[in-house]
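For reference, the chains in residue letters:
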Amino acid sequence: MAKIFDVGIIGAGIAGVFASLRIADKYSDNRVLLIDLGKGVAKRRRQLEAWFGCFPTGDGKIYQNDYKKVSEIVDGRTVKGAKNYFNSWLYQINDNKIIKDLGPSSATLKTLEENEWDVQLNDYVQWKPEDIHGLSKIIVNKIESVGNITFSFDNEVFSFIKEKRHFAITTEEGEFLCKKIIMCVGRSGWRWATKVYKDFGITLNDDLANFGVRVELPCQYMKEFNKSHCTLTKGDITVGPLSWNGTVIPEDHADLAISAFRSNEERWKSDKVSFNLIGSKYFKDDGCNQTDRLAKLAFLLSNDRIGKERVKSFLRGNSQLSLLPEYSWLNEAIEDLTNIMPNILTKGYFHMPAIIPMASTINLTPKLESDVDGLFIAGESANIRGIGASAMSGIIAADGIFKGK
Ligand SMILES: Cc1cc2nc3c(=O)[nH]c(=O)nc-3n(C[C@H](O)[C@H](O)[C@H](O)COP(=O)(O)OP(=O)(O)OC[C@H]3O[C@@H](n4cnc5c(N)ncnc54)[C@H](O)[C@@H]3O)c2cc1C
């Protein structure tokens, strides 16, 4: 008979690693299987797969607002505990100095207010690749020294079903039985997670497609924003966070690439500022599917690569994207932005596709357990986005399974 694990963690990204660490550290009597489709620790086939997920290949900004995001689902005391635990590991490598977002100039803030934009400032701690590798190493050492976590890399999970006493997980390497599951398949698994929720009948909302473009401008034309990393929102449009002095790069998914941003290595440094311009558009029960479809179409239009065009070409109707009527809202959004970023039309470029690759939403308890008994969800699969937020949610899900048992 197959060996039964106490917990199966699907996805060894940021949430999965911190869930494993927490269990090794605090609940070491339990046997855990950690599965990831990527190659093993310190090896990588694609940008977003394997141990630590997007952390080593992302921009390394740990936004302080992440803690608030988790508080929307989990009670403040629990979030504080998870934050302290997360920070206790970070402090072993990095002084965790918070870079304060001083915000746009007061004149710009006034213009933003007059134009009815909501402004959120984003303080952050900057992590560099060498620090991320250092953190990864001490976590691996800790987990291996305890010895209760079995790694199964290069192993894609195809599906799982709930049986009487356990879940049966079907993978490339065969079947595994686990009493509980923490599912945290993040950025590369957002479409699969949406399918899992649909198959279990637990989808709460899949009505929004989040898609748009990534705009880039020379910093000199955005001086009034004062290097603020703010996020602006108005109705169903989100602009930001503004990201300074880096490069737009392809973010490599299983079967498409989207526009992302890096600045935490010398080779990415630039004199540009860039930001996502995303619309959350209504498609009844079909949001994730439409996000995926529109990203793929935009990708095809730019010959299977990240496209770059002048912002003004879109307003003139001669951009490749102008062929897709679903993007027509961009006309009004760009015109509106000229009130607060006057140079966007003459100096701005946009990159496509840009999407928010998040699974449909589901109901979660404050322990991050779904409506399926024993199925816990963390990280982006729980619609909790960002390095700090994903890590904390992994810790909270692990506690959710064992605390008070
Ligand atoms: C280029 C880039 C820059 C970023 N910069 C920042 C930043 O500066 N600050 C910030 O806060 N956030 C940033 N992010 C976002 C942040 O990295 C994510 O929010 C975070 O990684 C989510 O963590 P997660 O654990 O949910 O998922 P991930 O880290 O995406 O991990 C998911 C894991 O699941 C595995 N997986 C997927 N499907 C399966 C399957 N079927 N079977 C087995 N395994 C599977 C994957 O291989 C992966 O290892 C960035 C992302 C990118 C791509």
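As a reminder, the structure under discussion sits directly above these lines.
Given the structure is predicted, the values throughout are model-derived calculations rather than measurements.

Enquirer: Account for the sheet that holds strand β6 (residues 124–126), with residues named and values stated.
Expert: Pairing is antiparallel across the open sheet formed by 3 strands, whose spatial order is β3-β6-β4. Each edge of the open sheet carries a strand with a single partner, namely β3 (61–63) and β4 (98–99). Sheet topology places β3 next to β6; 3 bridges connect them, and they run antiparallel. Along β6, the bridge assignment pairs Tyr63 with Tyr124.

Enquirer: Describe the packing of helix α1 (residues 14–26) against helix α11 (residues 387–402), with residues and values.
Expert: Helix-helix packing: each pair is described by the crossing angle between the helix axes and the interaxial distance. In the contact formed by α1 and α11, the axes pass within 7 Å of each other and the chain directions differ by 40°. The angle between the axes of α1 and α11 places the two elements in the oblique class. Between α1 and α11 the crossing geometry is right-handed. Judged by residue contacts, Ile14, Ala15, Phe18, Ala19, Arg22 and Ile23 of α1 engage Ile387, Ser390, Ala391, Ser393, Gly394, Ile395, Ala398, Asp399 and Phe402 from α11. Looking at side-chain class alone, the contact of α1 with α11 contains 10 nonpolar, 3 polar and 2 charged residues.

Enquirer: Explain the environment of Asn115 to me, and be specific about the residues and the numbers.
Expert: Relative to the helices and strands, Asn115 resides in the loop between α4 (106–114) and β5 (118–120). Taking the relative accessible area as the measure of exposure, Asn115 reaches 17% and is therefore buried. Between the C-alpha atom of Asn115 and that of Asn339, which follows or precedes it by 224 residues, the distance is 7.6 Å. The residues touching Asn115, leaving out its near neighbours within four places in the chain, are Lys234, Asn339 and Ile340.

Enquirer: Lay out the pattern of salt bridges with the relevant residues and their values.
Expert: This model, assessed by the stated rule, comprises 21 salt bridges. Measuring nitrogen to oxygen at the nearest pair gives 2.9 Å for the salt bridge that ties Lys69 to Asp66. Taken as a pair, Lys69 and Asp66 lie in helix α2 (residues 66–71) at a separation of 3 residues, close to a single helical turn. Assessed through its relative accessible area of 31%, Lys69 is described here as partly exposed. Its relative accessible area of 1% is what places Asp66 among the buried residues. A salt bridge links Asp336 to Lys234; its shortest N-O distance comes to 2.7 Å. Here the residue Asp336 occupies a position in helix α9 (residues 329–337), and Lys234 occupies one in strand β13 (residues 231–234), the gap between them amounting to 102 residues. Residue classification places Asp336 among the partly exposed residues on the basis of a relative accessible area of 21%.

Enquirer: Explain the nonpolar core residue by residue, including any values.
Expert: Membership of the largest hydrophobic core comes to 77 residues, with the highest contact counts inside it found for Phe18, Ile139, Phe160, Ile182 and Met183. A total of 10 residues in this core trace back to one element, the largest contributor, which is α11. The residues contacting Phe18, other than those within four sequence positions of it, are Phe52, Phe86, Trp89, Leu135, Ile139, Ala391, Gly394 and Ile395. Judged by nonpolar contacts, the second largest core, of 45 residues, contains Val273, Phe299, Ile334 and Phe350.

Enquirer: So what's going on with unusual backbone geometry? Which residues, and what values?
Expert: Residues apart from glycine generally show negative phi values, whereas peptide bonds are mostly found in trans. Note the cis peptide between Gly240 and Pro241, where omega equals 0°. Residue position: Pro241 is located in the loop between β14 (237–239) and β15 (243–244). Residue Pro353 is reached from Met352 by a cis peptide bond, and omega for that bond is -5°. Mapping Pro353 onto the fold places it in strand β20 (residues 349–355). Look at Ala50: it is not a glycine, yet its phi comes out positive at around 90°. Among the secondary structure elements, Ala50 is positioned in the loop between β2 (32–35) and β3. The class of Ala50 is buried, set by a relative accessible area of 2%.

Enquirer: Let's hear about the packing of aromatic side chains: which residues, and what values?
Expert: Inspection of the entire model under this criterion finds 16 aromatic pairs. One cation-aromatic arrangement involves Arg22 over Tyr85; the distance from NZ or CZ to the ring centre is 4.4 Å. The lysine or arginine in question, Lys162, covers the ring of Phe167, its NZ or CZ lying 4.8 Å from the ring centre.

Enquirer: Before we move on, can you summarise the site of the ligand with the specific residues and values?
Expert: Neighbouring residues of the ligand: 36 residues in total, closest Ala15, Asp36, Lys61, Glu380 and Ile387. Within the backbone of Leu37, one N or O atom sits 3.1 Å away from a nitrogen atom of the ligand. The separation between a nitrogen atom of the ligand and a polar main-chain atom of Lys61 is 2.6 Å. The fraction of the free accessible surface of the ligand (1,000 Å²) that becomes covered by protein chains is 95%. When residues of the shell around the ligand are traced back to their parent elements, those giving at least two are α1, β3 and α11. Tallied by class, residues from the shell around the ligand come to 13 nonpolar, 14 polar and 9 charged.

Enquirer: I'd like to hear about the side chain of Asn87, residue by residue, with values.
Expert: Inspection of the secondary structure puts Asn87 in helix α3 (residues 76–90). On the accessibility criterion, Asn87 (13% relative accessible area) is buried. Residue contacts for Asn87: discarding those within four places in its chain leaves Tyr67 and Asn96.

Cut-offs used in this document
- Residues numbered from 1 in each chain as written.
- Predicted model: local features only at pLDDT ≥ 70, side-chain atom pairs only at ≥ 80, totals over all residues.
- Heavy atoms only, no water.
- Pairing = 2+ DSSP bridges.
- Helix = DSSP H or I, 4+ residues; strand = E, 2+ residues; numbered from the N terminus.
- Axes fitted to C-alpha atoms, helices over the stretch in contact; angles between N-to-C directions.
- Parallel < 35°, antiparallel > 145°, perpendicular 65-115°, else oblique.
- Left-handed = near helix turned anticlockwise from the far one by under 90°.
- Contact = heavy atoms within 4.5 Å.
- Nonpolar A, V, L, I, M, F, W, Y, C, P; charged D, E, K, R; others polar.
- Buried < 20%, exposed > 50% of the residue type's maximum accessible area, 1.4 Å probe, protein only.
- Salt bridge = Lys/Arg side-chain N within 4 Å of Asp/Glu carboxyl O.
- Core = buried A, V, L, I, M, F, W, Y, C linked by side-chain atoms within 4.5 Å.
- Phe/Tyr/Trp six-rings, centres within 6.5 Å; stacked < 30°, edge-to-face > 60°.
- Lys NZ or Arg CZ within 6 Å of the ring centre and 35° of its normal.
- Near = heavy atom within 4 Å.
- Polar contact = N/O pair within 3.5 Å; in protein donor to acceptor, adjacent residues only side chain to side chain.
- Areas by Shrake-Rupley, 256 points an atom, 1.4 Å probe, with all protein chains shown as cover.

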